Amino acid sequence: MHQRFPFIALHAGALYACLLGLAPVGRAQGLTSSDLSKLRSVGGVALSPDGRHLAYTVAMRDEPGRPYGQLWMMDLATQKSMRFGGDKDRGGGPVWSPEGKWIAFFGRQGDKSGLMIAKPDGSEVTVLASPEGSNSPLPGTGNEVTWSPDGKQIAYISSTPDDRAKEASGDPMVITRYLYKPDAGEGMTRFNDNLRLHIFVVDLATKQPRQLTKGNTDEHSIDWSPDGKEILYLTNPEPNQDEFFNYDAFALRVADNSVRRVTATEFNEYDPLWSPDGKRILFRGTRRGLTDRETTMEDTHVWTMNSDGSDRREIGAVIDDRQSSPHWAPDGNSVYFTVQERGSNYLMRLPISGGKPEYVVKEPGFVGSFSVGKDGSVFYSYASPRDTSELYSKTGNGAPRKLTDLNAQLLAGKQIAEVESFTFISNDNKYEVEAFLTKPLGMTATSKHPLIVNIHGGPHGQNGPAFNFKNQVYAAHGWATLNVNYRGSTGYGQKFADAVFADQDGNEGQDVLYGVSAAVRRHPWIDRERLGIEGVSYGGQLTDWLITQTNEFKAAVPIAGIANLVSYNYMTYYNQYEEMEFGQFLHQGNLMDVAWERSALKHVAAAHTPTMLMHGENDNDVPIAEAEQFFIALKDVGTEAIFVRYPREGHGLSETGHNIDSIDRCIAWYEKHFPKPGAEGITNLQP
C-alpha cells in the first residue's frame, strides 16, 4: 500500500517541527535527541454520533523508520482509553458510521490490513477492502472514506493504473507525462507510479467492492449526500491537468454512476462537504485564476454554495488569513474551521448567514484535527508551547480540558524553555515583521549564549509558539533559536503573503537578517560571535542565499534547499512553482536572467561560511541535485563543506533515526565552528 493512507506513514513536513539534539552534562535538564523516539502526539480526532466515544490516533516514533499511527478509543464517561490492536499494530483515519455502531479505519492488525471496521470496543474487526494509494503529487485531498446514510455501504478511494503506467515502468522507461515525478514526501522512488485514484463502494454485508469511476483522472475528497443518492468529489477535468492545477466539484449518482458537474471555475475548490440537510455545500476555495499544486500564495478561505453550484459565497472573507479544515456544525447553521494567525492555528466558528466570526479555541499554539458534538462541545488536538499535540475538549465558554497526557513520563523533570515573540520594522519600512525567540535554559545574569536562526519553509508557512522539539533541545544545550516570519509567511494577511511575489531571495531574506539584528540588540546575552543558520526547504534556500550575502554566521546547515532557481525549475515535480512566484514562465522575457541573479549558486564566490548540506536521496520537491551543485561550488571556492545524504527520504526527513542523526550532526557542526565562550576579540560586528 502506498503512503497516502495514514496508518503506514505520517507526512514528513509534520515531523520537521519535531527534531532533536544532545544536551551537555551540567546544563539545565531538558530534552535530548534520544527523547524523540519516546515522543507521542495526537493526530486525527472523531467523536461518535451519540457523543459517548472519541476515536483518536496517536503518532508513534519508537522505531528507527518512519513514524506510524495507532488508533485509540476513549469512553468519555470514564475518560478511559483503549488501543485497537497490539503494540505494533497500525490504525488511522477513523470515520464513524451514521448510527455510531461501527467505526471504519485504515489499519493493520496481525496479518490483516486494509480498510477495516470494528465495534467501538475494538471487537469484530473486519477487513472490507484493500485500497491502493498513489505516489502522485495530489496535495489538498480531503476525505478518503465516507459512509452511506443507512450505514450499509462505505465509499473509499483506491487506485488503478492509467494508460501510461506500463510504459512508464518498463525497460526502457518511456516518459510522456509532464508530471512524471512522485509526491514530495514519498521518498522511496523517483518516478510517478501513474496510478489514478478512483471512487469505490463496498457493501458491508457482501464485502464486495464496486468501482464507480475510471479513466486517466484522479477522483478524491468524497462525501456521501444525506439522501444517499450522490457522492460529492473533486477532480481536475483539465485536458492539461498536469500543467494546470484546477480542482472542481462533481457529484456521482450512486444508482447509475451518472455524473453532474457542480463547479466550473478557473480556481480551486477543496474539501467539499454536504450540509446536514443536503441543500448546500461547504468547501475551501481560492479566487485566483492560477494556483500551483504545491505552494499557493493565495490564502484559502471558507465558502458555501447551493448543491447545484449556484449562490457561491465566500463567507470566510471576513477573516484575512489562511483557513483550513472546514466542518459543518451539526445543526447546519454555522461552520467550524482553523485559521492561521500570527504564528498560531486557532479554531473558529462562523454563522453561514453572515455575522461576526467567533474564536472557539484561541490559545497560543496549534489546533490540528477537531470534531464537534451536537451540543456544541468540541474535541481537538492541540500543541501548546509546552507539549506536542494532546487531546482536549471545550464546552461553550468553559476552559479547555486536557484529556490525554501522552508525554507525562517523558517530560517529567524536564525543563521547557520559554518562547517569546517580538516585532520589528522591515528594511524597506513597509512591514511589521514578527519573530519568535526560544530562550536557552540555564541562563544567568552574566551568561552568553549562541543563537541558531531556523528559517521556515514554504515560503508560505509560519513559525509560532507551539511546542518545537528541536528548539527545545537547542535550549537544553544552552542555545537560543530564532524563527522569523518573514514576508511571504501566512498568518499575517494576504498582502503580507504576497510580498515575496517576484522577489525570491530578496527582501524576505533581509527580514531574517533584520530579525537577527533586533534580537541581538534587545538581548545582550546573545553571543554575536556564535551565530548559526539553518532551515528546511525554502528555509534551506534562504540559508544558501544568506551565506552569499553575509559572513555573520559561523556555521550553516541548509536542509533540502534550492541553490539554483533555474535548474530547480526544470527538475522539481511541480514545475510551475516559479511561474507562480514570479508571474510568468522562466523562458519568457528576461526571467531566466532574474532567476539566475537570485540564485545562491551565482554568488557562491562570496560564501565563506562552513556549510553542512543535508538532503533526502529521493527528494522530488527539491531534487538532491540542488545540494550537489552547491556542495561542489563551495568546494571550488575553498569553503569548508560536507554533504549528508539520507536514503529512503523525500522532501525533509521522515525516519526517526534520520532525524536523530540529523540534529546530532547539526550540534556537532555548530560546536566545531563556534569559538569557545569568552574568547577574546570581536570579529563579527554586522548584526
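Residues numbered from 1 in each chain as written. Predicted model: local features only at pLDDT ≥ 70, side-chain atom pairs only at ≥ 80, totals over all residues. Heavy atoms only, no water.

1. Remarks on the overall build of the protein
Link 1 in the chain: In terms of helices and strands, the protein carries twelve helices and 35 strands.
Link 2 in the chain: Whereas a compact globule of 687 residues would reach a radius of gyration of roughly 26 Å, the protein reaches 25 Å, a difference of no more than 12%.
Link 3 in the chain: By the burial criterion, 62% of the 687 residues in the protein qualify as buried.
Link 4 in the chain: Sequence separation of 24 or more characterises 60% of the internal contacts of the protein that already satisfy a separation of 6 or more.
Link 5 in the chain: Summed over its atoms, the accessible surface of the protein is roughly 25,400 Å², and 50% of this surface lies on carbon and sulfur atoms.
Link 6 in the chain: Here the protein carries 67 positive and 86 negative side-chain charges, and the mean point of each set is 4 Å from the other. (Helix = DSSP H or I, 4+ residues; strand = E, 2+ residues; numbered from the N terminus. Rg over C-alpha atoms; globule rule 2.2 N^0.38 Å. Buried < 20%, exposed > 50% of the residue type's maximum accessible area, 1.4 Å probe, protein only. Contact = heavy atoms within 4.5 Å. Areas by Shrake-Rupley, 256 points an atom, 1.4 Å probe, with all protein chains shown as cover. Lys, Arg positive; Asp, Glu negative; His and termini not counted. Charge placed at Lys NZ, Arg CZ, Asp CG, Glu CD.)

2. Re a nonpolar patch on the surface
Link 1 in the chain: Residues M173, I175 and F191 make up a contiguous nonpolar surface patch of about 240 Å² in total accessible area.
Link 2 in the chain: Of note, I175 is situated in the loop between α2 (165-168) and β11 (195-203).
Link 3 in the chain: I175 gets classed as partly exposed once you look at its relative accessible area, which sits at 38%. (Patch = residues over 30% accessible without salt bridge, like charges linked within 9 Å, V, L, I, M, F, W, Y side chains within 5 Å. Salt bridge = Lys/Arg side-chain N within 4 Å of Asp/Glu carboxyl O.)

3. A short note on the environment of D256
Link 1 in the chain: By secondary structure assignment, the location of D256 is in the loop between β15 (248-253) and β16 (259-261).
Link 2 in the chain: D256 sits 44 residues away from L212 along the chain, and the two C-alpha atoms are 9.2 Å apart.
Link 3 in the chain: A distance of 2.7 Å separates polar atoms of two side chains, one belonging to D256 and the other to S258. (Polar contact = N/O pair within 3.5 Å; in protein donor to acceptor, adjacent residues only side chain to side chain.)

4. Considering the confidence of the model for the protein
Link 1 in the chain: The predicted model of the protein averages 93 in pLDDT, with 94% of residues at 70 or higher.
Link 2 in the chain: A low-confidence stretch, residues 1-27 (pLDDT under 50), is modelled with 104 contacts involving residues beyond four sequence positions or located in other chains. (pLDDT = per-residue confidence, 0-100.)

5. Section: the packing of helix α6 (residues 507-522) against helix α7 (residues 538-546)
Link 1 in the chain: The interhelical angle for the contact between α6 and α7, taken along N-to-C directions, is 80 degrees, at an axis separation of 11 Å. One finds that α6 runs roughly perpendicular with respect to α7. Between α6, through E508, G509, V512 and L513, and α7, the contact on the second element is made entirely by Y538, L542 and L546.
Link 2 in the chain: When grouped by side-chain class, the residues that make up the contact of α6 with α7 number five nonpolar, one polar and one charged. (Axes fitted to C-alpha atoms, helices over the stretch in contact; angles between N-to-C directions. Parallel < 35°, antiparallel > 145°, perpendicular 65-115°, else oblique. Nonpolar A, V, L, I, M, F, W, Y, C, P; charged D, E, K, R; others polar.)

6. As for the packing of aromatic side chains
Link 1 in the chain: Taken as a whole and assessed by the stated rule, the structure comprises 24 aromatic pairs.
Link 2 in the chain: Summarising the aromatic geometry, the rings of F283 and W303 are spaced 6.1 Å apart at their centres and angled 20 degrees between planes, so their arrangement reads as stacked. Remark: W303 occurs in strand β19 (residues 301-306) and F283 occurs in strand β18 (residues 280-285); sequence separation between them is 20 residues.
Link 3 in the chain: Accessibility expressed as a relative area gives 1% for F283, which makes it buried. (Phe/Tyr/Trp six-rings, centres within 6.5 Å; stacked < 30°, edge-to-face > 60°.)

7. Let's talk about the pattern of salt bridges
Link 1 in the chain: Inspection of every chain in the model, using the stated rule, returns 37 salt bridges.
Link 2 in the chain: Notably, a salt bridge pairs D387 with K402, separated by 3.5 Å at the nearest N-O pair. Residue D387 is located in strand β26 (residues 387-394), and its partner K402 is located in strand β27 (residues 401-402); the two are separated by 15 residues in the primary sequence.

8. Overview of the pairing of strand β3 (residues 68-75)
Link 1 in the chain: Of all eight residues making up β3, seven are buried, and the element is well covered by its neighbours.
Link 2 in the chain: Here eight bridges tie strand β2 (residues 53-60) to β3, and the two strands are oriented antiparallel to one another. Paired with A59 across the bridge in β3 is G69.
Link 3 in the chain: Bridge analysis of β3 against strand β4 (residues 80-83) gives four bridges, and the strand direction is antiparallel. Each residue of the ladder has a partner; that of M73, found in β4, is M82. (Pairing = 2+ DSSP bridges.)

9. Quick word on the sheet that holds strand β1 (residues 41-47)
By way of backbone hydrogen bonds, the strands of a sheet pair with one another, either parallel or antiparallel.
Link 1 in the chain: With respect to topology, four strands assemble into an open sheet ordered β1-β2-β3-β4, the strand pairing being antiparallel. Looking at the sheet topology across the chains shown, the edges are occupied by β1 and β4. The average undirected angle you get between the axes of adjacent strands in this sheet is 30 degrees.

10. Some remarks on helix α4 (residues 469-476)
Link 1 in the chain: Across the eight residues of α4, eight count as buried, placing the element largely inside the fold.
Link 2 in the chain: If you follow the buried residues of α4, they end up packed against β29 (432-438), β30 (449-455), β31 (480-485), β32 (526-536) and α12 (656-673).
Link 3 in the chain: Two residues or fewer after α4 comes G478, characterised by a positive phi angle close to 90 degrees.

11. Let's talk about the nonpolar core
Link 1 in the chain: Membership of the largest hydrophobic core comes to 62 residues, with the highest contact counts inside it found for F422, L451, V453, I455, L482, I533 and F630.
Link 2 in the chain: Contact partners of L451, with chain neighbours within four places excluded, come to L437, A480, T481, L482, I526, R530, L531 and G532. (Core = buried A, V, L, I, M, F, W, Y, C linked by side-chain atoms within 4.5 Å.)

12. Focus on the side chain of D505
Link 1 in the chain: Within the secondary structure layout, D505 lies in the loop between α5 (494-498) and α6.
Link 2 in the chain: Among buried charged residues, D505 stands out as having no salt bridge; its nearest opposite-charge side chain is R598, 7.1 Å away.
Link 3 in the chain: Once you skip the residues sitting within four places of it in the chain, D505 turns out to touch Y538, Q541, L542, W545 and R598.

13. Regarding the sheet that holds β32
Link 1 in the chain: The strand order β28-β29-β31-β30-β32-β33-β34-β35 describes an open sheet built from eight strands, whose pairing is mixed. At either margin of the open sheet sits one strand with a lone partner, and together these are β28 (419-425) and β35 (641-646). Adjacent strand axes in the sheet meet at a mean angle of 20 degrees, parallel and antiparallel pairs treated alike.
Link 2 in the chain: Contacts between α6 and the sheet are confined to β28, β29, β30, β31 and β32, with β28 contributing the most and set at about 115 degrees to the helix.

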